[in-house]
Amino acid sequence: MRISEAKFVGSSPTVAMKPSRKLPEFAFIGRSNVGKSSLINMLCGNSKLAKTSSTPGKTKLINHFLINDSWYIVDLPGYGFAKISKKEREGLRLMINDYILNSEEMTLLFVLIDSRHDLQKIDQEFINGLGENGIPFAIIFTKGDKMGPNALKAQIEKNKQILSEQWEELPPMFASSAETGAGKEEILDYIEQYI
Ligand code: GTP
Ligand code: MG
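As a starting point, this report considers the structure included with it. (Residues numbered from 1 in each chain as written. Chains lettered and ligands numbered in written order. Predicted model: local features only at pLDDT ≥ 70, side-chain atom pairs only at ≥ 80, totals over all residues. Heavy atoms only, no water.)

Description of the environment of S12
Part 1 of the reasoning: Looking at where S12 falls in the secondary structure, it is placed in strand β1 (residues 6-12).
Part 2 of the reasoning: The sequence separation of S12 and I62 amounts to 50 residues, and the corresponding C-alpha distance is 5.1 Å.
Part 3 of the reasoning: Ignoring any residue separated from it by four or fewer positions in sequence, one finds S12 in contact with M17, K18, P19, L61, I62, H64 and M95. (Helix = DSSP H or I, 4+ residues; strand = E, 2+ residues; numbered from the N terminus. Contact = heavy atoms within 4.5 Å.)

Okay, structure coming up:
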């Protein structure tokens, strides 16, 4: 699938306030700074669409982007950002949970994991929560350009092992880079099956 049109349609603090037009939604979540907004821009071929920053905690609301006038990409705030107040962190946690549990149009959630690292406890807890709530998800390993191909492959294998300890069947997985465009076709073709 090709994205020929992508436009920002709104930021909402709650699911109740999201854009009223009901279309399938594909959402992106992961630890703060993992590269959610950058990946969305790469998929859409527009580096200015979603706001990115080298400082964690950039995305603070539920952002809807209308794609090809027929579905939405949803950019969510990151989880697990340490350098904010407890109150602010709890607010973001509630916002993420509200969206994930209550957005009836959410077709699939992409959970982003930094290619360079082992799955962290917070990622595992988050993914286990998705399982408990029956939420369909896939995993995208980000920032693949920061490693050589062999190291990248080995690290993905290691993370599969970690996931296999909890999950009998592994979710769909993709390797990506917002810098090189790796993974773009695979991810968009995967989304296409649902729309
Ligand atoms: P929050 O909104 O703060 O939760 O972060 P985010 O997950 O949306 O991350 P964002 O896309 O803002 O990217 C964070 C930083 O990582 C930025 O400095 C990006 O330029 C960088 N980055 C993101 N993706 C990639 C990638 O694939 N390769 C490289 N080299 N850098 C990346
Ligand atoms: Mg962001």
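Here the narrative resumes, following the displayed structure.
A few points about a negative patch on the surface
Part 1 of the reasoning: Together, E185, E186, D189 and E192 line one region of the surface with negative charge.
Part 2 of the reasoning: Overall, E192 belongs to the partly exposed group, its relative accessible area being 40%. (Patch = residues over 30% accessible without salt bridge, like charges linked within 9 Å, V, L, I, M, F, W, Y side chains within 5 Å. Areas by Shrake-Rupley, 256 points an atom, 1.4 Å probe, with all protein chains shown as cover. Salt bridge = Lys/Arg side-chain N within 4 Å of Asp/Glu carboxyl O. Lys, Arg positive; Asp, Glu negative; His and termini not counted. Charge placed at Lys NZ, Arg CZ, Asp CG, Glu CD. Buried < 20%, exposed > 50% of the residue type's maximum accessible area, 1.4 Å probe, protein only.)

Structural notes on the nonpolar core
Generally speaking, nonpolar side chains in soluble globular proteins are found buried as a group.
Part 1 of the reasoning: Of all hydrophobic cores here, the largest spans 34 residues; its most connected members are Y99, I100, L109, V111 and F126.
Part 2 of the reasoning: Mapped onto this core, the elements with two or more residues apiece are β2 (25-30), β3 (62-67), β4 (71-75), α2 (86-102), β5 (106-114), α3 (121-132), β6 (137-142) and α4 (149-164).
Part 3 of the reasoning: At five residues, the largest contribution of residues to this core is made by α2.
Part 4 of the reasoning: Apart from the residues within four sequence positions on either side, Y99 is in contact with V15, E25, A27, I62, H64, V74, L76 and M106.
Part 5 of the reasoning: Judged by nonpolar contacts, the second largest core, of 25 residues, contains F28, M42, C44 and F65. (Core = buried A, V, L, I, M, F, W, Y, C linked by side-chain atoms within 4.5 Å.)

Thoughts on the site of ligand 1
Part 1 of the reasoning: Around ligand 1 lies a shell of 21 residues, among which K36, S38, K58, D145 and A178 are the nearest.
Part 2 of the reasoning: Within the contact set of ligand 1, an oxygen atom lies 3.3 Å away from a side-chain nitrogen or oxygen of S32.
Part 3 of the reasoning: N33 has a polar backbone atom sitting 3.1 Å from an oxygen atom of ligand 1.
Part 4 of the reasoning: For ligand 1, whose free accessible area comes to 650 Å², the fraction covered by protein is 88%.
Part 5 of the reasoning: Of the residues contributing to the shell around ligand 1, the split by class is three nonpolar, 12 polar and six charged. (Near = heavy atom within 4 Å. Polar contact = N/O pair within 3.5 Å; in protein donor to acceptor, adjacent residues only side chain to side chain. Nonpolar A, V, L, I, M, F, W, Y, C, P; charged D, E, K, R; others polar.)

In short, geometric facts, not functional conclusions.
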